[in-house]
Amino acid sequence: MQQREQLITERTHDLVNANHQLLDSESRLHSIIEYSPVGIFYYDITSTLLTVNKHLEEILATDRDVLIGFNMLENVIDQQMLEAIKQSLAGNVGQYHGKYTSVNGNHTVFLHAEFVPIYSEQGTVSGGVGMFEDITAKEDASARLTKLSRAVECSPNAVIITSADGDIEYTNPKFSLLTGYADEEVIGKKPTLFHLEPENSAVYRQIWKTIRSGKEWRGELQNRTKDGELYWAQHYIAPVTDSEGKITHYVGIQEDVTAAKEISKKLSYQASHDELTGLINRHEFERRLNRVVATAKKDGSQHALCFLDLDQFKIINDTCGHIAGDELLRQLGGILSDYLRKRDTLARLGGDEFAILMEHCDYEHATRTANAVRRLVEQFQFLWEEHIFSIGVSIGVTEINQKTASSTEALIHADSACYAAKDLGRNRVHHYRHNDEQLAKREGEFRWVNKIKQALAENSFLLYVQPIISLADTDHGRIYEVLLRLQGENGEVISPGSFLPAAERYNLSGHIDRWVIDHTFLWLKNHLQQLDELDHLAINLSGCSLGDDALLGHIIKQIQVYNLPSHKIKFEITETAAIANLRDAQVFIKTLSEYGCLFALDDFGSGLSSFAYLKNLPVDSLKIDGMFVRDILDDAIDEAMVKSINEIGHVMGMKTIAEFVESDAIKDRLQEMGVDYVQGYAIGEPRPMETVSLS
C-alpha cells in the first residue's frame, strides 16, 4: 500500500513538472509568435481568424479585436488572395505576392503571404496558419532602383561607372553615341581610351587627387571619339562609397558641349567683330583702347590712334545703292588689314568710319603709316557693274602717352583731327595738337558733349511746344510740335541749335530722342483724361534713330504700357535724314504706322531729290521747308516751290504744313495756295510744355 502511494506521488509530481514545462513551452512559443517580424495568424476550416500576433495588427493597421472572428472567404475581395486561402483549406500551401488593400479600403501595402494548412489527428484539414510579410519598403526601393536605372539608360548625357582602380564597368547608350565605342570595346579598360591628354598630365593628376580624397570634380575637358574627332564635354565625376566610407566606384557624367562652345565662340566673335567687314567693332576697339591708355599711364609707353572717314563714299551709295557701298567697305577693310602690322588693330566704328590703334608706335611711324594708308585708299579702284570709282580718306592722328587722360579723350582728339582734315580739303592726314586753330571749333563741341551727357543724367533738358493750326478748320483739335531746350548752369534756356550739331556728330542724338519720347509720353499719360481737345503731338526724330530697333521696340512698349492713344502721336523726320537712311526709315514708318502713329516729313524741299524719294516714304504730311516759306511774298521762286510742294503733297493724299510763318500776310498767302496747316511766330511762340492746359 505504501509503495503504491509513493508511485502515485511520483507520477503526480512528473505530471505537474510536465505541465509546467508545457506551459513554459507554450509561453515561449506565444512570445515568439507574438513578436515575430512577420504577421502570423491562425484560422479554422471556415477561414475565420482565431489568433493573430502583434505584427499582423501593424501590417493591416487594424486592432486584434477586429481581426479575431474575421471570416476571410466571406470578406476578402482580392481574388488572388482568396485563391491562396482556398488552396490552404484544400491541403496545399497557398501564396500571394503583390499590392494588397484592406477590406475597408483605408490601408494599402505590398505583401508576401503564405497560407499553410493544419491537419487534425484524423489527418483532415482543420484550418491553417498564415504569414504576412510587409515588403512595401523593398518594393519601393526596387521601383526607385528601376527608375534610376532607366534614367541612366535614357540619360541625354554619357554615363560611365568605373571600379576604384579606374577600370570601366558600365557605360550607357549615350556614351556609345557620343564616343563611338561599344560596351565591349571599353569594359575593363581605362577612360584614357578617349582622353586627349595623357593620364599623367597636370589636369588629370588634379582630377585623381580630388576624387580620391572623396570630393567631386567638375570641369570641361576635350576628348577624342573612336574615329579621332575631338569634342568638348562638361564632366562631373564623383566617388561612390560603401557603408564604411571606403571608395568602391567612380561615376562619371559627360555632357557634350561642343555645339554650345561653337555657338559661344561665334557669339563672342560677333560681339567683338563687325558683321559686314569682319573687322574689330567699336565695342571691342574701345575695350582695347582702354587697355592701351592704361598701359601708357603705367609704363610711359607711346602709342598712336588714327580716325579714318572716307571721302565721297555717299556718292557710291547714292549712285549704286547700299549693296555696292557694303562691298566697297568689305574690299577696303581687307586691303587695309593686309597692310597693317599684326599687332595693330583695325576697326570699323560704323558707317564709313574706321580706326587704327597702333601699339608701341612713335610719332614718326604713326605719321608714315597714316600717309601710307591714305595713299592705299586713294589708289584703290572700286569696280561695280562696269563702273570704276575712286575715293579718298581723311585721317586724324593723335598720340597716346602718359598724359592721355582717357580713351574718350583720345577718340575725341583723333575724331577732331579727322574733321579738321575734312575742313582743310579732305583726303589728307591731320595731327591733333593743342592750340590748333582748326581744332578750336571742335573743342567747343566737346564741351557741349559733356553738357549733353550731364543733361541726360540729370534730366535738365526742357520740353517746349509750339502750336500748329489748321487754315481750313477753325474748330480743329489742338496740334503742338514738341521742341527741345537745355537749361544752362545759370538757369538760362539754350536753344537746340547750340548743342544738337555736337550731339549728332558724337552719336548722342539717339539718347536725346529717347529722352524726348519718354518725357512726352509721360506727359500724355498724365493727361489721358484731358486729351479730347488734343489732335496730336509731333515729336522730332534724328536720322540715327530710324535704324535703332531697340528704340522702335521701346516706343511700342511704352505706348502699350501707358495705354496711349497712338493716333495722337506724330513723328517728324527730316527729309535729308529719311533719304540718307531710306531703308531704315521705311521700316520704322511702316511699323509704327501699323500701331496708329502718324508721320511727317520735315524740312521738305531742302534735298536735291525730294520728289523722287517721296513716293517711297509713306508719310501722312509734308512740312514745307521754312527757307522757302519766309520769303514767298518777295521771291517768286520760293513761292513757286511752296506751291509745287503743296500740290504734289495733295496729289499723294498728304496734308501740308508750312513752317516759319512770321506774319499774317504770309499766313494769308499760304491760305490762298491751299496749304492745310501753318506754324511759326505769327501763329504762336514756343512755350514750356507744362504750361499747356487741356480742359
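1. Topic: the overall build of the protein
Counting secondary structure elements, the protein contains 25 helices and 27 strands. Expected size for 695 residues packed as a compact globule is a radius of gyration near 26 Å; at 46 Å, the protein overshoots this value by more than 25%. Of all 695 residues assigned to the protein, the portion counted as buried reaches 44%. Within the protein, counting contacts between residues at least 6 apart in sequence, those at least 24 apart form 58% of the total. Positive and negative side-chain charges of the protein, numbering 68 and 102 respectively, have mean locations separated by a distance of 6 Å.

2. Some points on the sheet that holds strand S2 (residues 49-52)
Taken together, the five strands give an open sheet; going across it, the order is S2-S1-S5-S4-S3, and neighbouring strands pair in antiparallel fashion. At either end of the open sheet lies a strand with only one pairing partner, and these are S2 and strand S3 (94-101). Across the sheet, the mean angle separating the axes of adjacent strands is 25 degrees when strand polarity is ignored. Summarising the sheet, strand S1 (residues 39-44) and S2 pair through three bridges and their orientation is antiparallel. Of the residues in S2, the one forming a bridge with Tyr-43 is Leu-49.

3. Remarks on the sheet that holds strand S6 (residues 158-163)
Reading across from one edge, S7-S6-S10-S9-S8 is the order of the five strands in this open sheet, with antiparallel pairing throughout. With one partner strand each, in any of the chains shown, strand S7 (168-171) and strand S8 (217-224) form the two edges of the open sheet. Each strand of the sheet is rotated relative to its neighbour by a mean of 30 degrees, with strand direction disregarded. Bridge analysis of S6 against strand S10 (residues 247-256) gives six bridges, and the strand direction is antiparallel. For Ser-163, the partnering residue across the bridge sits in S10 and is His-249. Packed onto the sheet, helix H9 (residues 202-212) meets S8, strand S9 (230-241) and S10 and runs at close to 140 degrees relative to S8.

4. A short note on the pattern of salt bridges
Applying the stated criterion across every chain yields a total of 25 salt bridges. The salt bridge partner of Asp-167 is Lys-190, with a shortest N-O separation of 3.1 Å. Taken together, the residues span a long stretch of sequence, with Asp-167 in the loop between S6 and S7 and Lys-190 in the loop between helix H8 (183-186) and H9 at a distance of 23 residues. Classification of Asp-167 as partly exposed rests on a relative accessible area of 26%. Residue Lys-190 is classed as partly exposed on the basis of its relative accessible area, which comes to 36%. Across the pair Lys-623 and Glu-572 runs a salt bridge, and its minimum N-O distance is 3.1 Å.

5. Thoughts on helix H5 (residues 79-89)
Among the residues of H5, Met-81, Leu-82, Ala-84, Ile-85, Ser-88 and Leu-89 are the ones counted as buried. For H5, the angular spread of the buried residues around the axis is 160 degrees, confining them to a single face. The inward-facing, buried residues of H5 abut S1, helix H4 (72-75), S3, strand S4 (108-119) and strand S5 (125-134). Structurally, the start of H5 carries an N-cap: the backbone nitrogen of Gln-80 is 3.0 Å from a side-chain oxygen of Asp-78.

6. Topic: the packing of helix H12 (residues 313-320) against helix H13 (residues 322-339)
H13 packs onto H12 with a crossing angle of 140 degrees between their chain directions and a minimal axis gap of 6 Å. Between H12 and H13, the angle is such that the two are oblique. Where H12 abuts H13, its residues Phe-313, Ile-316, Asn-317 and Cys-320 lie against His-322, Ala-324, Gly-325, Leu-328 and Leu-329. Residues belonging to the contact of H12 with H13 are distributed by class as follows: six nonpolar, three polar and no charged.

7. Some details on a nonpolar patch on the surface
Residues Ile-648, Val-651 and Met-652 make up a contiguous nonpolar surface patch of about 270 Å² in total accessible area. Examined against the element boundaries, Ile-648 turns out to sit in helix H24 (residues 636-651). Its relative accessible area of 33% is what places Ile-648 among the partly exposed residues.

8. Comments concerning the state of the cysteines
Going through the model one piece at a time under the given rule, you end up with zero disulfides. Of the cysteine sulfurs around Cys-544, a residue in no disulfide, the closest is that of Cys-597, at 18 Å. Its relative accessible area of 47% is what places Cys-544 among the partly exposed residues.

9. Let's talk about the packing of helix H18 (residues 509-526) against helix H19 (residues 549-562)
Relative to each other, H18 and H19 sit at 10 degrees, their axes nearing to 11 Å. When the axis of H18 is compared with that of H19, the two are roughly parallel. The segment H18 lies against H19, with Arg-514, Ile-517, Asp-518, Phe-521, Leu-522 and Lys-525 engaging Ala-550, Leu-551, His-554, Ile-555, Gln-558, Ile-559 and Tyr-562. Looking at the contact of H18 with H19, its residues break down into eight nonpolar, two polar and three charged.

10. Thoughts on H19
Over its 14 residues, H19 extends 20 Å from the first C-alpha to the last, a length consistent with the 20 Å expected when each residue adds 1.5 Å. Every buried residue of H19 is accounted for by Leu-551, Leu-552, His-554, Ile-555, Ile-556, Gln-558, Ile-559 and Tyr-562. Where the residues of H19 are buried, they touch H18, strand S22 (569-574) and helix H21 (582-594). The backbone nitrogen of Ala-550 lies 3.1 Å from a side-chain oxygen of the residue at the head of H19, namely Asp-548. With its phi angle positive at about 55 degrees, Asn-563 sits one or two positions after the end of H19.

11. Focus on the domain arrangement of the protein
Parsing the protein into structural domains produces domain 1 (1-31), domain 2 (36-135), domain 3 (155-261), domain 4 (272-434) and domain 5 (452-691). Contacts between the two partners involve four residues from domain 4, matched on the other side by five residues from domain 5. For the pairing of domain 4 and domain 5, the buried interface totals around 560 Å² over both sides, and the portion due to carbon and sulfur atoms is 46%. Taken as a group, His-322, Asp-415 and Tyr-419 account for 57% of the area that domain 4 buries against domain 5, more than any other trio of residues on that side. At the surface where domain 4 touches domain 5, the tally comes to zero salt bridges. Connecting domain 4 to domain 5 are zero residue pairs in polar contact (both at pLDDT 80 or more).

12. Description of the pairing of strand S11 (residues 303-311)
Along S11, nine of the nine residues are buried, which leaves the element largely enclosed by surrounding structure. Side chains His-303, Leu-305, Phe-307, Asp-309 and Asp-311 project from S11 onto one buried face, and the interleaved Ala-304, Cys-306, Leu-308 and Leu-310 project onto a second face that is buried too. Pairing between S11 and strand S13 (residues 353-358): six bridges, direction antiparallel. Directly across from Leu-305, in S13, lies its bridge partner Leu-357.

13. Some details on the nonpolar core
In this structure, Phe-521, Phe-571 and Leu-670 are the most contacted members of the largest nonpolar core, which totals 76 residues. Excluding anything up to four places from it in sequence, Phe-571 contacts Ile-517, Phe-521, Ile-539, Leu-541, Ile-555, Leu-592, Cys-597, Leu-598, Phe-599 and Ala-600. By size, the runner-up hydrophobic cluster in this structure holds 31 residues, among which are Leu-279, Ala-324, Leu-340 and Val-377.

14. Digging into the environment of Leu-462
Within the secondary structure, Leu-462 is located in strand S18 (residues 461-470). Residue Leu-462 is classed as partly exposed on the basis of its relative accessible area, which comes to 23%. Residues Leu-462 and Val-493, spaced 31 residues apart in sequence, show a C-alpha to C-alpha distance of 8.4 Å. Among all residues touching Leu-462, those that are not within four sequence positions of it are Leu-483, Leu-484, Arg-485, Gln-487, Val-493 and Trp-515.

The rules we used
- Residues numbered from 1 in each chain as written.
- Predicted model: local features only at pLDDT ≥ 70, side-chain atom pairs only at ≥ 80, totals over all residues.
- Heavy atoms only, no water.
- Helix = DSSP H or I, 4+ residues; strand = E, 2+ residues; numbered from the N terminus.
- Rg over C-alpha atoms; globule rule 2.2 N^0.38 Å.
- Buried < 20%, exposed > 50% of the residue type's maximum accessible area, 1.4 Å probe, protein only.
- Contact = heavy atoms within 4.5 Å.
- Lys, Arg positive; Asp, Glu negative; His and termini not counted.
- Charge placed at Lys NZ, Arg CZ, Asp CG, Glu CD.
- Pairing = 2+ DSSP bridges.
- Axes fitted to C-alpha atoms, helices over the stretch in contact; angles between N-to-C directions.
- Salt bridge = Lys/Arg side-chain N within 4 Å of Asp/Glu carboxyl O.
- Arc of directions from axis to C-beta.
- Polar contact = N/O pair within 3.5 Å; in protein donor to acceptor, adjacent residues only side chain to side chain.
- Parallel < 35°, antiparallel > 145°, perpendicular 65-115°, else oblique.
- Nonpolar A, V, L, I, M, F, W, Y, C, P; charged D, E, K, R; others polar.
- Patch = residues over 30% accessible without salt bridge, like charges linked within 9 Å, V, L, I, M, F, W, Y side chains within 5 Å.
- Areas by Shrake-Rupley, 256 points an atom, 1.4 Å probe, with all protein chains shown as cover.
- Disulfide = S-S within 2.5 Å.
- Expected span 1.5 Å × (residues − 1).
- Domains from an automatic or database assignment.
- Buried area = accessible area lost by both parts, 1.4 Å probe.
- Core = buried A, V, L, I, M, F, W, Y, C linked by side-chain atoms within 4.5 Å.

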